[in-house]
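# Commentary on secondary and tertiary structure
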Amino acid sequence: MALLSLRELSKSFGGLAAVKNLTFDVDEGAIISLIGPNGAGKSTVFNLITGIYRPTSGSVNFAGREIAGTKPNAVAEAGITRTFQNIRLFAYMTVLENVLVGRHVRMHAQPWGDAIHSPYQRREEAESRKRAMELLEWFGIARYAHDWARNLPYGQQRRLEIARALASDPKLLLLDEPAAGTNPAEKADLMKLVQSIRARGVTVLLIEHDMKLVMGISDYVHVLDYGEEIAHGKPEQVRHDQRVIEAYLGKGA
Amino acid sequence: MKAALARRFPGLPLGLGRYRLDQIIVGAVVGIVLLLLPVIDQNSSHISAFADAGYVLLLAFGLNIVVGYTGLLVLGYAAFFAIGAYTYAMLASPQFNLHYNFWIMLIVSALVAAAFGVILGAPTLRLRGDYLAIVTLGFGEIVPQLLRNLDKYTNGPNGIVAIDQPSIGSYQFGFNPTPYYYLYFVVIVICLILLNNLRHSRLGRAWMAIREDELAAEHMGINTTAVKLLAFSIGSAFAGIAGVIYASKVTTISPDDFQFQVSVMILLAIVLGGIGNLVGVLVGGAIIALLNFLVLPQASNWAHALGYKFGIVSLQNVDLTNYHFMLFGFILVLVMLFRPEGLVPSATVRAELHAEQEASS
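Calculation notes
- Residues numbered from 1 in each chain as written.
- Chains lettered and ligands numbered in written order.
- Predicted model: local features only at pLDDT ≥ 70, side-chain atom pairs only at ≥ 80, totals over all residues.
- Buried ≥ 20, exposed ≤ 12 C-beta atoms within 10 Å, placed from the backbone.
- Helix = DSSP H or I, 4+ residues; strand = E, 2+ residues; numbered from the N terminus.
- Pairing = 2+ DSSP bridges.
- Domains from an automatic or database assignment.
- Contact = placed C-beta atoms within 7 Å.
- Core = buried A, V, L, I, M, F, W, Y, C linked by C-beta atoms within 7 Å.
- Nonpolar A, V, L, I, M, F, W, Y, C, P; charged D, E, K, R; others polar.
- Axes fitted to C-alpha atoms, helices over the stretch in contact; angles between N-to-C directions.
- Parallel < 35°, antiparallel > 145°, perpendicular 65-115°, else oblique.

All names here are of chain A. In terms of burial, strand β3 (residues 31-35) is largely enclosed, as five of its five residues are buried. Side chains I31, S33 and I35 of β3 all project onto a buried face; the interleaved residues I32 and L34 project onto the opposite face, where all are buried too. As paired strands, β3 and strand β8 (residues 203-207) are joined by four bridges and run parallel to one another. When the sheet's bridge partners are listed, S33 is paired in β8 with L206.

Once that is clear, we can look at unusual backbone geometry. Residue and element names in this part refer to chain A. Positive phi is not limited to glycine here, since A63 has a value of about 50°. Under the C-beta neighbour-count criterion, A63 is labelled partly exposed, with 16 such atoms within 10 Å. One non-glycine residue, Y226, lies in the positive phi region at around 45°. Inspection of the secondary structure puts Y226 in the loop between β9 (220-225) and β10 (228-233).

Here we take up the domain arrangement of chain A. Residues and elements named next belong to chain A. If you check the domain split of chain A, you get domain 1 (1-79 + 170-253) and domain 2 (90-169). Put simply, the middle of domain 1 and the middle of domain 2, counted by C-alpha atoms, are 27 Å apart. Taken together, the contacts link 11 residues of domain 1 with nine residues of domain 2. Listing elements by their share of the side of domain 1 that touches domain 2, those giving two or more residues are α2 (72-78), β7 (172-176) and α7 (184-199).

Let us look at the nonpolar core. All names here are of chain B. Membership of the largest hydrophobic core comes to 176 residues, with the highest contact counts inside it found for L58, L59 and I266. Among the elements that line this core, the one with the most residues is helix α3 (residues 44-69), at 17 residues. Residues within four places of L59 in sequence aside, it is in contact with Y77, F81, F238, A239, A242 and I266.

With that out of the way, let us pick up the environment of B:G159. Residues and elements named next belong to chain B. Relative to the elements of secondary structure, G159 occurs in the loop between α7 (151-154) and β3 (167-168). For the pair G159 and L268, spaced 109 residues apart in sequence, the C-alpha to C-alpha distance is 27 Å. When neighbours within four sequence positions are excluded, G159 is seen to be in contact with T252, I253, S254 and P255.

Here we come to the interface of chain A and chain B. Facing the 31 residues of chain A at the interface are 27 residues of chain B. Mapped by element, the contributors of at least two residues to the side of chain A that touches chain B are α2, β6 (80-82), α3 (95-103), α4 (111-116) and α5 (119-138) of chain A. A class-by-class count of the residues in the side of chain A that touches chain B yields 16 nonpolar, eight polar and seven charged.

A few words now on the domain arrangement of chain B. Residues and elements named next belong to chain B. Split by domain assignment, chain B resolves into domain 1 (1-40) and domain 2 (41-360). Using only C-alpha atoms to locate each centre, domain 1 and domain 2 end up separated by 26 Å. Contact with domain 1, which involves eight residues of that partner, is made by 10 residues of domain 2.

For the rest of this paragraph, the subject is the packing of helix α9 (residues 202-212) of chain B against helix α11 (residues 224-250) of chain B. All names here are of chain B. Direction vectors running N to C along α9 and α11 enclose 105°, while the axes themselves pass 10 Å from each other. One finds that α9 runs roughly perpendicular with respect to α11. Contacts from L203, A206, W207 and I210 in α9 reach T224, V227, K228, L230 and A231 in α11. The class makeup of the residues in the contact of α9 with α11 is seven nonpolar, one polar and one charged.

Okay, the sheet that holds strand β5 (residues 65-66) of chain A next. Residue and element names in this part refer to chain A. On the basis of which strands lie adjacent, the open sheet formed by four strands has the order β2-β1-β4-β5 and antiparallel pairing. Edge positions in the sheet fall to β2 (16-27) and β5, since each has one partner strand and no second. Looking at chain direction, strand β4 (residues 57-62) and β5 are connected through two bridges and run antiparallel. Each bridged residue has a counterpart across the sheet, and for F62 the counterpart in β5 is R65. Sheet strands in contact with helix α1 (residues 42-49) are β1 (2-13), β2 and β4, and its direction is about 65° off that of β2.

So this is what it looks like as structure tokens:
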């Protein structure tokens, strides 16, 4: 059974249809890519899944539950977390604190317990810190743990954002252009990282412009243009699809 | 030696295990000096001023949660101070001939103020920055107006008189400022420990995440509505506690005690000290309070003396406490010009303000 299924999903802003009748499934354990030219509606799809927007029509089903229109924090709790196209870290909090905020939804200490640092709070906090540090080790940024997020090199900020999203042990991770602005070496690292994330049982839905990355790691690719799906298939099928080439390069290319 | 001073004691309860030995020593020394202060300086008007610094500090702590941690600019914070003070005044004075116990009222008023924090906070949840500031400015004006006009309950502009003073067993606090000073001391120490614990826990991080990026915070599973309301309510509870002790010490309160000036004074205290940093808030609050309660009244006397000595009539009758707002304004301008991050800034704010300089150098 699919972990995430979009059915006839549409979103219009005024008269403008940003996403039209989009239907696809994301199987558990897969790496699925969403590609298309700028303005094709890819980020809108992410925003519909994570609850920033309520769909005009259609449904988003996650792990057997309808989540369309659910608030972002409830979506995170249900097990979907994401990164952003423009990095949105908590700039003036430490790297470790960023990951701990990512863990927020799996922590249960109440305000009063926080205030007196109750035994439960201390246990949970210690456990969360340990897990956060393990994540940072895995991502190779543990040595920055006590630096501010904003002081990290750009490529490491991208990685931190992914680490923060993984801190709540999501079932599905949405990555919005994780390779944007990174250099080839960082891209190669990122590719390995995404594969190791999947190897740990997290399903990945990816928006990406870098074709080498997309073709290298995706199990399946969906291509959007003007809010509609124009093609889908395995990477090598999509790569040679005439409509995809036209969408990217224009007709007659 | 250095290593010994950097030692921590993780076994300590109440989050005290977080502090290094040198921090504990500094804290203990400052604490002992403050404990001995009424013995060192036995002038009762001085002790009274030191005690009054207590409510300024409590208010500054509370406002710092909302403004410093959560990043919500609230300009009408004195409203919650008023609500705390009036809750106690109405239930422990001849006004309705009710005389509930001070210690119980300390908690009741904190809860009432917290409830109002939620009630007044809820409509503003979608607002940020300037808009929030304007709306909360409105609250700050509405509350004293209500107190003025609800004569039946609040005795209108005349305020409530003969408010009960606290007692412990058979010991009456009376008009002696010293027990109030110690009461504030104990309450402030407790609040400091609790606040610093909050700052370093799930809730404190959620507050700061909202300040840094509300949308990203929401996507990390933070219920921003609940967390902001908690900031409003906990911040207001501090004002409620401050209000009760304040009312019991002065024994007479009127709507004029809770004007916009108070909100500005508290905001100035945290900006001067260093927004978002508890040590900064302590320092800023202490400076503003002592200026207001000690230095300015003294300065008036000096001015009078000068006036008589040199025969300048205008100086003989001047009351400089009336100029405290001018002075506060002046301080604010100086701070913004020369040290925008405050005297003891949180590392965060310092970096934020100097980030551009770093980038350009």
